[in-house]
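# Inside the fold
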Amino acid sequence: MSVTDTIKQAVTSAVVHFSPEAPPDPLIAKPRTGQYGAVGTSLPRVDGPRKVQGQARFAAEVPVEAMTYAALLHASIPRGRIDSLDTSAAEAAPGVVFVMTHRNAPKLAPPAAFLSDPRAAGASSLPVMQDASIHWNGEPVAVILAETQEQADHAKSLIRVSYTAEPASLNFAEAVQHSRRLDTVMREPGLVEIGDAEQALAGSAFAVDRVYNTPRHSHAAIEPHAATVWWEGEDLVVHDTTQMLHQERWTLAGIFGIDEERIRIFSPFVGGGFGGKGLWGHQILAIAASRLAGRPVRVALSRESVFRIAGGRTLTQQRVALGANADGTLAALIHTGTVAMSAHNNCPEQFTFPARHLYAASAMRLEQRATDLDMLANTFMRAPGESVGTFALECALDELAEAMGLDPIELRRRMEPDKDPTSGRAFSSRHLLKAFADGAERFGWSKRNPTPRTRREGEWLIGMGVATGTYPYYRMPGGEARLILRRDGTASIQMASHEMGMGTATVQIQATAERLGLSVEKIAFEYGDTALPHGTLAGGSSQTASIAAAVTAASHVLIADLLKLAGNDSPLAGLKADEVEARDGGLGHREQADRFESYVSILARAGRDEIAAEAAAPPPLEVMQFSMHSFAAQFAEVRVNAVTGETRVSRFLGSFDCGRIINPRTASSQFRGGIIMGLGLALTEETQFDERTGRIMNPSLAEYHVPVHLDVPEIDVIWTDIPDPHAPLGARGIGEIGITGVGAAVANAIYNATGTRVRDLPITLDKLLG
Ligand code: MOS
């Protein structure tokens, strides 16, 4: 098939499934009564038994003959050059196999940075260990391979390095003074302007104009980054923990100058990704060192090394100015600000995105600026942009509501747009106000006293706050799936997808069971291997829709092929694909119950052991026709100690509108996990960056405070479960929405409790005292 034909076929298919005129995916509307009605049920995770039995093998657990263990030595200056590097004692230390530095590292092409090409996975385009120059405090300067991890770690301590430091840009307040406007942010314009927002603000009946600051955050997944790698001649085998299998393969091929087909990457289990499990320096260094040493290498980063070489969320300074008319409609919405990046990455924390789609306003100015610091490249971290953007926007709305004497939910009702406020497109499905109404009722919002500091129990001041959460719907292009039906009645879905704990295989098995009329026990999902059909990355809360679109396309091919195979002796003889449906383990006429043949019977009569069908997902044209977003109404109740300033979140409710929920069990976990991460953002998490030295000062879980059990109250989650007619399965993303709005809901509750507005995250007790 020519490229044009492929595109034509894909576009036709997309129109059939996602255009305004076309009926929605039949699976969305199918009644839930049949014995195979798996969508919408709480199927337990299919990989659960293997995980609790310790049989799920993660990247650092892959056994291999003649393994060596890697330790990384980190630079201790933010910018400059290595003067001397004495590795002789390390090389002579017990068990040491090999030491690699810039002096003996192979020539490597710079990584293709994420977003520079749809196939790119590099977190940074900085060349890895290619010369004596230093670009951030923490950059690896030596890799030590030894027979054991302990020997490698000990040898690392014997290396002596001296540097010539050069002036470095480390101070954000200073760097903000020479920021630049970004032309594009995640392929969207860096500036959106409608009317003259400053003028509208000046003339509005009510106005707030505030500055909000959010800090750096570090990735702290339960599984630290790790890879086990080896060469088999010219072929490279990588066991990694990654969110982007095929992109990592393409990017590694470019760095090492080898054919993509020579690389195979396995990643069957990922112990939490959150945006941090991309291609960083450690995989590249391990592969290079393995080649030079002629031995397999396991690089399992220490928690400290994760903080030093795998970036997280960058810091932001944001201005939100809102001007309201007397009736509560918005005359002006201004959201501008600056983030810090390194000079080698492109991840600008798209904090203006919520304001582009949430509220109607007569005039808008939304502008993203950036400035470079000499620091580790920042990267994606659960709802990059929306998590901190909603903090600023939704806190400002709370301030506006108070200035107007309006309930904050009522204010949002008056600002509800009838179409996307910046693109003008229709919403594919938007029930934010229902999420607020349902949430308010369940949470007991009517009991809130709008006057701050009016509820007190002993030392504890009690308050409630609310905020909107939102995250875009994405579906990644390029996914391909293969479906296999076997004569023993089993089936497989094959696609190089990612399981980071969210239930990828589980929900796809549910959807495929229903689509093919099979029971879930008969279906396996094979994923996590670049030898499988091309997967899309697990990011942007897009995987469920991306996989489902490819599987749906493959199911159409499969049904057409099955009809051909059934031939003239079948009860199905003469039927066209659109006249049949998959049900009860076979195909049947849509109206005539007796015209049916099982898959097993079709295969048996044809003398076949199995039938396989493969197809690519249609391009995600739905996002060009509609404004597609998940929504949330987040409700927090806090208790703030009037003596110590300590904040305890006592109750939390997330009320979500994300389309169809495929599996309530796995979805609840996604929502709750996002909210818990939001509690960290609100109250405890901050990567301490020493602006004199560029050194991260709290690179451990003892000093970088993620919420622990005692920090997390009972979290209630509910959802509208209204299918989105323009998304595969009717489902929009749910992976990232949970964290959005949480920072603001907590901050607004703290204000209601104490009368103190804190506009700088995290809201630690010092900010609530005095
Ligand atoms: Mo996510 S931050 O797209 O893994």
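These numbers come from a predicted model, not from an experiment. (Residues numbered from 1 in each chain as written. Predicted model: local features only at pLDDT ≥ 70, side-chain atom pairs only at ≥ 80, totals over all residues. Heavy atoms only, no water.)

## Focus on the pattern of salt bridges
- Counted according to the given criterion, the structure contains 44 salt bridges.
- Put simply, R210 and E399 hold a salt bridge, and the shortest N to O gap is 2.8 Å. Placement of R210 in strand 11 (residues 206–214) and of E399 in helix 12 (residues 386–404) is noted, with a sequence separation of 189 residues between them.
- With a relative accessible area of 32%, R210 lands in the partly exposed category.
- A salt bridge links R757 to D398, with the shortest nitrogen-to-oxygen separation between them at 3.0 Å. Placement of the pair is R757 in the segment after helix 20 (742–754) and D398 in helix 12, with a sequence separation of 359 residues. With respect to class, R757 is no different from D398; both count as buried.
- The structure contains a network of salt bridges with shared partners spanning R181, E193, R365, E367 and R369. (Salt bridge = Lys/Arg side-chain N within 4 Å of Asp/Glu carboxyl O. Helix = DSSP H or I, 4+ residues; strand = E, 2+ residues; numbered from the N terminus. Buried < 20%, exposed > 50% of the residue type's maximum accessible area, 1.4 Å probe, protein only.)

## Looking at the sheet that holds strand 26 (residues 586–589)
- The strand order 25-26-27 describes an open sheet built from three strands, whose pairing is antiparallel. Because the sheet does not close on itself, it has two edges, and the strands there are strand 25 (580–583) and strand 27 (596–598). Neighbour-to-neighbour, the strand axes of this sheet turn through a mean angle of 20°, independent of strand direction.
- Across the sheet, helix 16 (residues 543–566) touches strand 25, strand 26 and strand 27, and the angle it forms with strand 26 is around 80°. (Pairing = 2+ DSSP bridges. Axes fitted to C-alpha atoms, helices over the stretch in contact; angles between N-to-C directions. Contact = heavy atoms within 4.5 Å.)

## Thoughts on the packing of aromatic side chains
- Taken as a whole and judged by the stated rule, the model has 13 aromatic pairs.
- Centroid distance F307 to Y704: 5.4 Å. Interplanar angle 70°. Geometry classified as edge-to-face. Taken together, the positions of F307 in helix 10 (residues 303–309) and Y704 in the loop between helix 19 (664–683) and strand 32 (715–719) put the pair 397 residues apart, joining distant regions of the chain.
- Residues Y471 and Y474 carry aromatic rings whose centres are separated by 6.1 Å and whose planes lie at 75° to one another, so their mutual orientation is edge-to-face.
- By way of ring pairs, the aromatic residues F436, F443, W445 and F635 are connected into one cluster.
- When the ring centre of Y751 is taken as reference, the NZ or CZ atom of R757 above it lies at 3.7 Å. (Phe/Tyr/Trp six-rings, centres within 6.5 Å; stacked < 30°, edge-to-face > 60°. Lys NZ or Arg CZ within 6 Å of the ring centre and 35° of its normal.)

## A word on the sheet that holds strand 6 (residues 160–165)
- Strand order across the open sheet formed by three strands is 4-2-6, with antiparallel pairing between neighbours. The open sheet terminates on both sides in strands that have one partner only, identified here as strand 4 (133–134) and strand 6.
- Where strand 2 (residues 80–86) meets strand 6, six bridges bridge the pair, whose relative direction is antiparallel. Each bridged residue has a counterpart across the sheet, and for S84 the counterpart in strand 6 is S162.

## Looking at the packing of helix 15 (residues 504–516) against helix 16
- Remark: helix 15 packs on helix 16, axes separated minimally by 11 Å, with the N-to-C direction vectors making an angle of 30°. As summarised for this structure, helix 15 and helix 16 are arranged roughly parallel, according to the angle between their axes. As for the relative orientation of helix 15 and helix 16, their crossing is right-handed in sense. When helix 15 is examined against helix 16, the residues T504, V507, Q508, T512, R515 and L516 are found in contact with a partner set consisting of Q543, T544, I547, A548, V551, T552, S555 and L558.
- Along the lines of polarity and charge, the residues of the contact of helix 15 with helix 16 split into six nonpolar, seven polar and one charged. (Parallel < 35°, antiparallel > 145°, perpendicular 65-115°, else oblique. Left-handed = near helix turned anticlockwise from the far one by under 90°. Nonpolar A, V, L, I, M, F, W, Y, C, P; charged D, E, K, R; others polar.)

## Considering the side chain of H74
- You can see H74 is positioned in strand 1 (residues 68–74).
- Taking the relative accessible area as the measure of exposure, H74 reaches 12% and is therefore buried.
- Side-chain polar atoms of H74 contact the backbone oxygen of G138, separated by 2.7 Å.
- Of the polar contacts made by the side chain of H74, one reaches the side chain of S305; its length is 2.7 Å.
- If we ignore the near neighbours within four places in the chain, the residues touching H74 are G138, E139, P140, V141, Y163, S305, R308 and I309. (Polar contact = N/O pair within 3.5 Å; in protein donor to acceptor, adjacent residues only side chain to side chain.)

## Thoughts on the pairing of strand 15 (residues 297–300)
- Sheet topology places strand 1 next to strand 15; two bridges connect them, and they run parallel. Across the sheet, T68 pairs through a bridge with V297, a residue of strand 15.
- Pairing of strand 12 (residues 226–232) with strand 15, which is carried by four bridges, proceeds in the antiparallel orientation. The residue of strand 15 that forms the bridge with T228 is R298.

## Focus: unusual backbone geometry
- The peptide bond linking L761 to P762 adopts the cis configuration, its omega dihedral lying at -10°.
- Among the secondary structure elements, P762 is positioned in the segment after helix 20.
- Of note in the backbone geometry, F274 takes a positive phi value of approximately 60° without being a glycine.
- Tracing the chain through its elements places F274 in the loop between strand 14 (263–266) and helix 9 (281–293).
- Residues other than glycine seldom take positive phi values, yet R453 does so here, at roughly 65°.

## Focus on the nonpolar core
- L322, L333, L400, F635, F652, F671 and V746 are the most contacted members of the largest nonpolar core, which totals 99 residues.
- The element contributing the most residues to this core is helix 12, with ten residues.
- Once residues within four sequence positions are removed from consideration, L333 is found in contact with A321, L322, A355, A361, A363, M364, R365, L366 and L393.
- Among the nonpolar cores identified, the runner-up in size contains 50 residues, and V143, I265, V299 and A496 belong to it. (Core = buried A, V, L, I, M, F, W, Y, C linked by side-chain atoms within 4.5 Å.)

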